[in-house]
Amino acid sequence: MEYQILSNKWRPQNFDQIVGHKYIIRILKNSLDLKRIHQSWLFSGIHGIGKTTIARILAKSLNCENGITSKPCRICKNCVSIEKGNFLDFIELDAASKTKVEDIKIILDSTKYPPIQGRFKIYLIDEIHMLSKNSFNALLKILEEPPKYIKFILATTHLKKIPNTIISRCLHINLPVITNKNISDYLNNQLKKENIKINKEILNVISNYAQGSLRNAINALELTLCLNKKNQIKIKNITKLLGIFDKKNILLLAINIINNDIDNILKIIDDAEQKGIQYNNIVLSLITFFHDLSIIKIMISKKKYSTDKLSKYDKIIYTLSKNILFKDIQMYCKILIQGEKYLRYAPNPKIGIEIILFQIYQYIKDTQNI
Ligand SMILES: Nc1ncnc2c1ncn2[C@@H]1O[C@H](COP(=O)(O)OP(=O)(O)O)[C@@H](O)[C@H]1O
Ligand SMILES: [Mg+2]
Ligand SMILES: [Zn+2]
């Protein structure tokens, strides 16, 4: 059989298979079952969290031959052809390639004709923020008074670029990022179904790396599975593959940050450059590290931290936590989080991360002088 990439193979075909977004899915399902159906929806959120997937399920729900339903049957002619991508009344467009007003006018002109196969003629317009001002105006006219048989589903990764007039005419649903736990649990379940064994720690590295996007996670997993024919994958190799610093290196960097040893810090950053590590990944890993350290400090202060059976790594963390104040850790996190946002404005990423680390260095120097 032809190989299908995992993100397509695993694409959910009904609402219950969607990971996360529980509350939103419940609202969508209820609105379908209660037949309280909007004329147009707008899904916003980062890439790879299910906007297109949910839109396609919605299209099936609205056009299933068994009636409007939150559980499309997936076997009637309409459901099958939507899944195959050849349903004439479900028109998927990428606004990025149709930004001009002439293009959008041709598309919107076709809303004059009622559906051929289905109950509704549905337009899914992806990356809607790419439309020109004139195109938005043309769309706005239709959104104001669309024919009863027309439904619009708009999707965007850049909500701020969408005029308010458009947003207010849609049922706007903002999809949040998927939590690390949801991502790693999902990958774990899917791999079980595929009969592939992978160590949980690797799945944690992947979910951290994915930054809330399930598609990122699935693609990273796909690469990881190609690392070794027998799936005996080592953490060391996967961190190298994804361009992230492994746990040991992050620990080393964190120790040097806490000790304010700027020479060593700069050496580690140089070393990262040699290894082709992506700098924003280092910043994100440091944020996670200091967050974990905060939790340990809280647990210790509440006497809920057990020191029996600590691994070598955890012992080092435990000792480290005793040598640093909670308020200082929060300051490092603040500098790192703010710095990460501005990393892309730095002349190059290496200068960017060094500036962030200089700020922590200066903060520690200042507090030591008080
Ligand atoms: N919430 C989710 N639940 C399950 N799978 C998801 C989810 N979000 C994304 N995916 C996976 O990632 C792939 C891409 O998702 P997609 O809906 O196209 O993302 P978006 O349109 O938000 O960029 C899907 O085929 C699916 O495998
Ligand atoms: Mg999409
Ligand atoms: Zn059906």
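Residues numbered from 1 in each chain as written. Chains lettered and ligands numbered in written order. Predicted model: local features only at pLDDT ≥ 70, side-chain atom pairs only at ≥ 80, totals over all residues. Heavy atoms only, no water.

Taking an unreviewed UniProt entry as the reference, the chain is identified by name as DNA polymerase III subunit gamma/tau belonging to Buchnera aphidicola. Database annotation for the chain, UniProt heading Sequence similarities (unreviewed entry): "Belongs to the DnaX/STICHEL family." Quoted verbatim from the Function (unreviewed entry) heading of the UniProt record, the comment on the chain is "DNA polymerase III is a complex, multichain enzyme responsible for most of the replicative synthesis in bacteria. This DNA polymerase also exhibits 3' to 5' exonuclease activity." (UniProt positions renumbered as here; feature names shortened; annotations may be inferred.)

The protein atoms that coordinate the zinc ion (ligand 3) are Cys64 (SG), Cys73 (SG), Cys76 (SG) and Cys79 (SG), at distances of 2.3 to 2.4 Å. Given 4 donor atoms and angles of 103 to 119 degrees at the metal, the environment of the zinc ion (ligand 3) is assigned as tetrahedral. Within one chain, the residues donating to the zinc ion (ligand 3) are spaced in sequence as C-x8-C-x2-C-x2-C. Placement of the pair is cysteine 64 in the loop between helix 3 (51-63) and helix 4 (77-84) and cysteine 79 in helix 4, with a sequence separation of 15 residues. For the pair formed by cysteine 64 and cysteine 79, the shared burial category is buried. (Donors = N, O, S within 2.8 Å, 3.2 Å for Na, K, Ca; no water. Tetrahedral: all angles 85-135°; square planar, octahedral: opposite > 155°, others 65-115°. Helix = DSSP H or I, 4+ residues; strand = E, 2+ residues; numbered from the N terminus. Buried < 20%, exposed > 50% of the residue type's maximum accessible area, 1.4 Å probe, protein only.)

We now examine the sheet that holds strand 3 (residues 121-126). A sheet is described by the order of its strands in space; here 5 strands give the open sequence 2-3-4-1-5, paired in parallel fashion. The sheet is open, and its two borders are formed by strand 2 (90-94) and strand 5 (171-174), each paired with just one other strand. Sheet twist, expressed as the mean angle between neighbouring strand axes with direction ignored, is 15 degrees. Across 5 bridges, the pairing between strand 1 (residues 40-44) and strand 4 (residues 150-156) is parallel. Directly across from serine 44, in strand 4, lies its bridge partner threonine 156. Packed on one face of the sheet, helix 6 (residues 133-144) meets strand 1, strand 3 and strand 4 and runs near 135 degrees to strand 4. (Pairing = 2+ DSSP bridges. Axes fitted to C-alpha atoms, helices over the stretch in contact; angles between N-to-C directions. Contact = heavy atoms within 4.5 Å.)

In total, this model carries 7 aromatic pairs according to the counting rule given. Between tyrosine 305 and tyrosine 318 the ring centres are 5.7 Å apart and the planes differ by 10 degrees, which places this aromatic pair in the stacked class. Of this pair, tyrosine 305 sits in the loop between helix 14 (279-301) and helix 15 (312-322) while tyrosine 318 sits in helix 15, and the two are 13 residues apart along the sequence. With centroids separated by 6.0 Å and ring planes inclined at 40 degrees, the aromatic side chains of tyrosine 342 and tyrosine 345 adopt a geometry described as tilted. Looking at tyrosine 342, the relative accessible area reads 53%, which means it is exposed. (Phe/Tyr/Trp six-rings, centres within 6.5 Å; stacked < 30°, edge-to-face > 60°.)

A separate point is the site of ligand 1. Around ligand 1 sit 18 residues in total, of which Ser7, Gly48, Thr52, Thr53 and Arg215 are the nearest. At a separation of 3.1 Å, a nitrogen atom of ligand 1 approaches a polar backbone atom of isoleucine 49. Contacts to ligand 1 include threonine 53, whose side-chain N or O atom sits 2.4 Å from an oxygen atom. Calculation on ligand 1 without its partners gives an accessible area of 550 Å², and the protein chains cover 97% of this total. Taken together, the residues of the shell around ligand 1 break down into 8 nonpolar, 7 polar and 3 charged. Inspection of the shell around ligand 1 shows a minimum of three residues originating in each of domain 1 (6-174) and domain 2 (180-242). (Near = heavy atom within 4 Å. Polar contact = N/O pair within 3.5 Å; in protein donor to acceptor, adjacent residues only side chain to side chain. Areas by Shrake-Rupley, 256 points an atom, 1.4 Å probe, with all protein chains shown as cover. Nonpolar A, V, L, I, M, F, W, Y, C, P; charged D, E, K, R; others polar. Domains from an automatic or database assignment.)

To continue, consider the domain arrangement of the chain. On domain assignment, one finds that the chain holds domain 1 (6-174), domain 2 (180-242) and domain 3 (247-369). On a C-alpha basis, the centroid separation for the pair domain 1 and domain 2 is 31 Å. Buried area between domain 1 and domain 2, both sides added, is near 1200 Å², and the carbon and sulfur share of it is 61%. Of all residues in domain 1, Leu6, Trp10 and Val19 give up the largest surface area on contact with domain 2, accounting jointly for 53% of the area buried on that side. Across the domain 1-domain 2 interface, the total number found is 1 salt bridge. A salt bridge links lysine 9 to glutamate 194, with the nearest nitrogen and oxygen atoms 3.0 Å apart. At the boundary of domain 1 and domain 2, one finds 7 residue pairs in polar contact (both at pLDDT 80 or more). (Buried area = accessible area lost by both parts, 1.4 Å probe. Salt bridge = Lys/Arg side-chain N within 4 Å of Asp/Glu carboxyl O.)

Turning next to the environment of tyrosine 279. The topology assignment puts tyrosine 279 in helix 14. Separated by 34 residues in the primary sequence, tyrosine 279 and phenylalanine 245 place their C-alpha atoms 9.1 Å from one another. Once residues within four sequence positions are removed from consideration, tyrosine 279 is found in contact with Ile269, Ala272, Glu273, Leu343, Pro349, Lys350 and Ile353.

On the surface, Lys234, Lys236, Lys240, Lys248 and Lys312 cluster together into a positively charged patch. The topology assignment puts lysine 236 in helix 11 (residues 235-242). (Patch = residues over 30% accessible without salt bridge, like charges linked within 9 Å, V, L, I, M, F, W, Y side chains within 5 Å. Lys, Arg positive; Asp, Glu negative; His and termini not counted. Charge placed at Lys NZ, Arg CZ, Asp CG, Glu CD.)

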